[in-house]
Amino acid sequence: MIQERDILITMRDGTRLALDVYRPDAEGAYPVLYATALHNKDMQGPDVSNVLSPQPPNAPLWFGPIEAGDTRRIVANGYVHVIVQQRGTGKSEGRFHEEDSDHYDIAEWLTQQPWCNRKIGMVGISGFAAEQWRAAMQGHPALKAIFPYDPASAYGGMFGFRDTYPGGVLHAFFYCLEVFSTVHEHRDVPGPLSDEDEELLRVAMANPDFKMYTNLYNILTQKGQRSGVMYNAMVRPWDGDGTVEKTEADFKKIRVPFYTGSG
């Protein structure tokens, strides 16, 4: 197969995203299977899967690969496999935010490539699955189907409290995830917050359950400059009003077939 790494493509606001393309070493146009997440795209390629030992479900340390799909199998079956680094992470420019048009712009770029037959599907689990919901809601006509398996929170955005912390039980998965994070973060002297956020932080810092785990308490003292998902879960431990209603409305925007489930 032909491998093209670290291609930079420009979004409508000028932000450039990095992506890798794996395609059959033959002439012709092929359907594309596209995957993207906050995770490091450089850990998702076939060179890593070739040497990575199998990880049982009870593995004590979670490494993340290979969640964007089996590249060699995908290409062998006549597809192009494209893995995109989301904005604000890794080799892509900008800052991450959930409200953007990047999926639409990526699909538009893909359809303009000579190796793409203008038919796009999406694959990937966990964070890669969550992005498929967002892409389908943006509604590019070339996106024909998605396969969001074991997706991150369907309700409340990528990290909604309802599905991420079942029963309201906070866990430190996102702290562990920071070891492998590629999210661009700015760290400096903690600055002032709004009156509301200062009060939420004060309550969280008084919580003995956080103080007894100093790695979590450390995140609070820095006022959200790092481990933003973990920080927000500690200071805002509930989804806001209207979360379920907004999600139901968003899901009505999905017009392509999908298969989903949980492991």
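Residues numbered from 1 in each chain as written. Predicted model: local features only at pLDDT ≥ 70, side-chain atom pairs only at ≥ 80, totals over all residues. Heavy atoms only, no water.

1. With respect to the packing of aromatic side chains
We describe a pair of aromatic rings using the distance from one ring centre to the other and the angle between the two ring planes.
Next up, step 1: Under the counting rule described, the total for this entry stands at 7 aromatic pairs.
Next up, step 2: Between F173 and F174 the ring centres are 5.3 Å apart and the planes differ by 75°, which places this aromatic pair in the edge-to-face class.
Next up, step 3: Given the relative accessible area of 34%, F173 is considered partly exposed.
Next up, step 4: Three or more aromatic residues joined by ring pairs make a cluster, and in this case those are W133, F251 and F258. (Phe/Tyr/Trp six-rings, centres within 6.5 Å; stacked < 30°, edge-to-face > 60°. Buried < 20%, exposed > 50% of the residue type's maximum accessible area, 1.4 Å probe, protein only.)

2. Overview of the nonpolar core
Next up, step 1: With 27 residues, the main nonpolar core has V32, Y34, V82, I106, L110, W115 and I120 as its most contacted residues.
Next up, step 2: Contributions of two or more residues to this core are made by β2 (16–23), β3 (30–37), β4 (80–85), α3 (102–111), β5 (116–122), α4 (127–138) and β7 (143–146).
Next up, step 3: With 4 residues, the single largest contributor to this core is α3.
Next up, step 4: Ignoring any residue separated from it by four or fewer positions in sequence, one finds I120 in contact with V32, Y34, A107, L110, T111, A142, L143, K144 and A145.
Next up, step 5: Ranked by size, the runner-up nonpolar core spans 15 residues in total, among them L177, M230, Y231 and A233. (Core = buried A, V, L, I, M, F, W, Y, C linked by side-chain atoms within 4.5 Å. Helix = DSSP H or I, 4+ residues; strand = E, 2+ residues; numbered from the N terminus. Contact = heavy atoms within 4.5 Å.)

3. Quick notes on the sheet that holds strand β1 (residues 2–10)
Next up, step 1: In spatial order, the strands read β1-β2-β4-β3-β5-β7; together these 6 strands make up an open sheet with mixed pairing. Edge positions in the open sheet fall to β1 and β7, since each of these has one partner strand only. Within this sheet the neighbouring strands show an average axis-to-axis angle of 25°, counted without direction.
Next up, step 2: Sheet topology note: the β3/β4 ladder contains 6 bridges and is parallel. Bridge pairing in β4 places Y34 opposite V82. (Pairing = 2+ DSSP bridges. Axes fitted to C-alpha atoms, helices over the stretch in contact; angles between N-to-C directions.)

4. Looking at the packing of helix α7 (residues 195–205) against helix α9 (residues 214–221)
Next up, step 1: Two numbers describe how α7 lies on α9: the axes approach to 10 Å, and their chain directions differ by 160°. Relative to α9, the element α7 is oriented roughly antiparallel. Along this stretch, α7 crosses α9, giving a crossing that reads as left-handed. Across the interface between the two elements, L201, A204 and M205 of α7 pack against Y217, L220 and T221 of α9.
Next up, step 2: Per-class residue counts for the contact of α7 with α9 are 5 nonpolar, 1 polar and no charged. (Parallel < 35°, antiparallel > 145°, perpendicular 65-115°, else oblique. Left-handed = near helix turned anticlockwise from the far one by under 90°. Nonpolar A, V, L, I, M, F, W, Y, C, P; charged D, E, K, R; others polar.)

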